[in-house]
Amino acid sequence: METLTLLRPDDWHLHVRDGAMLRTVLPHTAARFGRALVMPNLKPPVATVAEASAYRARILEALPAGARFTPLMTLYLTEQTTPEEIDRAAECGFIPAVKLYPAGATTNSAAGVCALERTFPVLERMAERNLVLCVHGESTDPTADIFDREHLFVEQTLAPLMQRFPTLRIVLEHITTRQAAEFVRAAPDTLAATITPQHLLLNRNAIFHGGVRPHHYCLPVLKREEHRRALLEAATSAHPRFFLGTDSAPHARATKEAACGCAGCYSAHAAIELYAQAFAAAGALDRLEAFASRNGAAFYGLPPNGDTITLVRRAHTVPESFPLAEGGDTLVGLFAGETIEWQMLPQGESA
Ligand code: DOR
Ligand code: ZN
């Protein structure tokens, strides 16, 4: 049987929510990843070090017994964030990054930034204190076509921002276009990008395949095949500034399968397996460890994890849904009810 052993990967972009949802989803991530960078778009947002510390404690409490998993936290950048809060974040030891949501760009982004220049003193301090700026890179111009929002943001906002703050380290999150991949490749070493499994495996046809498919709707929205191929090429190139960030974004089934369904694909139940599938299809399994386990840690200035995971090529069916820990609703994972080719061996089991 074909097996693949990797240094344990990290997830550099993850939503775990809170409460019952947190208890449902965290075991999936903790079984696979050594660390994850946890997004702060709760309601209300995680905007201070005190709030991030309390959220981190709730995550640690929700971990299954025996899990060896470290949550790394982000602060939600608002126009009220102060340079002093950045100092506290830099000193606390568990906040490597601050997240920029353009106001209105996505789920729970209303408290995000309308006028970027109001955050400049904070960005200046972040550059001085070496905190990373994680960016949801989509234009919020209401007249912009939804499929153009990412490359418009890159041209109109990201490029000038990098000129103004040349030492600020930035991660352009969940890139979805050829233009974004090319921009990152050509940029200085201060810029990196994460790529999700759905953007490596699917193009925008998947949102409409035989009818509307709410579980394939996320933001930034899936793009044309040309873009999927460019992303796959970037991910499998072993370029050090492309790395794994699932953007696994759980929403209860009733809020996805609705007249105005929430954006987000839940992928934590099979995250590393789905990346293996994408890399195998590109004939690039030998590059998966760089993308999944090395490049992100190096960008964040951390050593790779010290242990390994093993994947086997063994076709299996993704469960139709997962019960939520409370409330009676369910959670539908990416590729629910479909076959995926790779499986991760439980700790201690050998092929
Ligand atoms: O699809 C998405 N879901 N994109 C985001 O940027 C946010 C996320 C969420 O929190 O649900
Ligand atoms: Zn996200």
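Our structure is the block above this text.
Since this is a predicted model, take the numbers as computed values, not measurements. (Residues numbered from 1 in each chain as written. Chains lettered and ligands numbered in written order. Predicted model: local features only at pLDDT ≥ 70, side-chain atom pairs only at ≥ 80, totals over all residues. Heavy atoms only, no water.)

1. Quick notes on the side chain of Glu173
And step 1. Its location among the elements puts Glu173 in the loop between strand E7 (170–172) and helix H6 (178–186).
And step 2. For the buried Glu173, no salt bridge exists, and the shortest N-O distance to an oppositely charged side chain is 5.7 Å, to Lys99.
And step 3. Leaving out residues up to four positions away in the same chain, Glu173 has contacts with Trp12, His13, Lys99, Cys134, Val135 and Thr194. (Helix = DSSP H or I, 4+ residues; strand = E, 2+ residues; numbered from the N terminus. Buried < 20%, exposed > 50% of the residue type's maximum accessible area, 1.4 Å probe, protein only. Lys, Arg positive; Asp, Glu negative; His and termini not counted. Salt bridge = Lys/Arg side-chain N within 4 Å of Asp/Glu carboxyl O. Contact = heavy atoms within 4.5 Å.)

2. Focus on the pattern of salt bridges
And step 1. Counting across every chain of the model gives 23 salt bridges.
And step 2. A salt bridge links Arg8 to Asp307; the shortest N-O distance between them is 2.9 Å. One end of the pair, Arg8, is in the loop between strand E1 (3–7) and strand E2 (11–14); the other, Asp307, is in the loop between helix H11 (288–299) and strand E10 (308–317), and 299 residues separate them in sequence.
And step 3. For Asp189, the salt bridge is made with Arg241, and the minimal N-O distance between the two is 3.3 Å. Residue Asp189 is located in the loop between H6 and strand E8 (191–195), and its partner Arg241 is located in the loop between helix H8 (225–235) and strand E9 (242–244); the two are separated by 52 residues in the primary sequence.
And step 4. On the basis of relative accessibility, which here comes to 62%, the residue Asp189 falls in the exposed class.
And step 5. Here Arg241 falls in the buried class, since its relative accessible area comes to 7%.
And step 6. Linked through salt bridges whose partners overlap, the residues forming this network are Asp87, Glu91, Arg125, Glu128 and Arg129.

3. Points about the site of ligand 1
And step 1. Of all residues adjacent to ligand 1, which total 13 residues, the nearest are Arg17, Asn41, Thr106, Leu219 and His251.
And step 2. Within the backbone of Ala263, an N or O atom sits 3.0 Å from a nitrogen atom of ligand 1.
And step 3. Summarising the interface, the protein chains cover 100% of the accessible area of ligand 1, which totals 290 Å² for the free molecule.
And step 4. Residue composition of the shell around ligand 1, by class: four nonpolar, seven polar and two charged. (Near = heavy atom within 4 Å. Polar contact = N/O pair within 3.5 Å; in protein donor to acceptor, adjacent residues only side chain to side chain. Areas by Shrake-Rupley, 256 points an atom, 1.4 Å probe, with all protein chains shown as cover. Nonpolar A, V, L, I, M, F, W, Y, C, P; charged D, E, K, R; others polar.)

4. Regarding the coordination of the zinc ion (ligand 2)
And step 1. Taken together, the protein ligands of the zinc ion (ligand 2) are His13 (NE2), His15 (NE2) and Asp247 (OD), with distances of 2.0 to 2.1 Å.
And step 2. We classify His15 as buried; its relative accessible area is 7%.
And step 3. Take Asp247: its relative accessible area is 7%, and that puts it in the buried class. (Donors = N, O, S within 2.8 Å, 3.2 Å for Na, K, Ca; no water.)

5. Topic: helix H3 (residues 83–92)
And step 1. Every buried residue of H3 is accounted for by Pro83, Glu85, Ile86, Asp87 and Ala89.
And step 2. Those residues of H3 that are buried are in contact with helix H2 (49–62), strand E4 (70–76), strand E5 (97–100) and helix H4 (120–129).

6. Structural notes on the sheet that holds E4
And step 1. The eight strands are arranged E2-E3-E4-E5-E6-E7-E8-E9 in an open sheet whose pairing can be described as parallel. Each end of this open sheet is capped by a strand with a single partner; those strands are E2 and E9. Here the average twist between neighbouring strands, direction ignored, is 30°. (Pairing = 2+ DSSP bridges. Axes fitted to C-alpha atoms, helices over the stretch in contact; angles between N-to-C directions.)

7. Remarks on the environment of Ala62
And step 1. Structurally, Ala62 is set in helix H2.
And step 2. Residue classification places Ala62 among the buried positions, given a relative accessible area of 15%.

8. Observations concerning the packing of aromatic side chains
And step 1. As enumerated under the stated definition, the model contains nine aromatic pairs in all.
And step 2. Seen from their ring centres, Tyr275 and Phe291 are 5.5 Å apart, and the 55° between their planes marks the pair as tilted. Residue Tyr275 is found in helix H10 (residues 271–281), and its partner Phe291 is found in helix H11; the two are separated by 16 residues along the sequence. Pair check on accessibility: Tyr275 and Phe291 agree, each one buried.
And step 3. The ring of Phe94 has Arg56 sitting right over it, with the charged end atom 4.9 Å from the ring centre.
And step 4. Looking at Arg204, its charged tip hangs above the ring of Phe147, at a distance of 4.5 Å from the centre. (Phe/Tyr/Trp six-rings, centres within 6.5 Å; stacked < 30°, edge-to-face > 60°. Lys NZ or Arg CZ within 6 Å of the ring centre and 35° of its normal.)

9. So, unusual backbone geometry
And step 1. The linkage connecting Lys43 with the following residue, Pro44, adopts the cis geometry, with an omega of -5°.
And step 2. Inspection of the secondary structure puts Pro44 in the loop between strand E3 (35–38) and H2.
And step 3. Residue Pro220 follows Leu219 across a cis peptide bond; omega there is -10°.
And step 4. Positionally, Pro220 belongs in the loop between helix H7 (197–201) and H8.

10. Here we look at H10
And step 1. The element H10 is largely enclosed, with a buried count of ten among its eleven residues.
And step 2. Listed in full, the buried residues belonging to H10 are Ala271, Ile272, Glu273, Leu274, Tyr275, Ala276, Gln277, Ala278, Phe279 and Ala280.

11. Observations regarding the packing of helix H5 (residues 149–164) against H6
And step 1. The geometry of H5 relative to H6 is characterised by a closest axis approach of 9 Å and an angle of 20° between their N-to-C directions. Taken as axis vectors, H5 and H6 run roughly parallel relative to one another. Handedness of the crossing formed by H5 with H6: right-handed. Where H5 abuts H6, its residues Glu150, His151, Val154, Leu158, Ala159 and Met162 lie against Gln179, Ala180 and Phe183. (Parallel < 35°, antiparallel > 145°, perpendicular 65-115°, else oblique. Left-handed = near helix turned anticlockwise from the far one by under 90°.)

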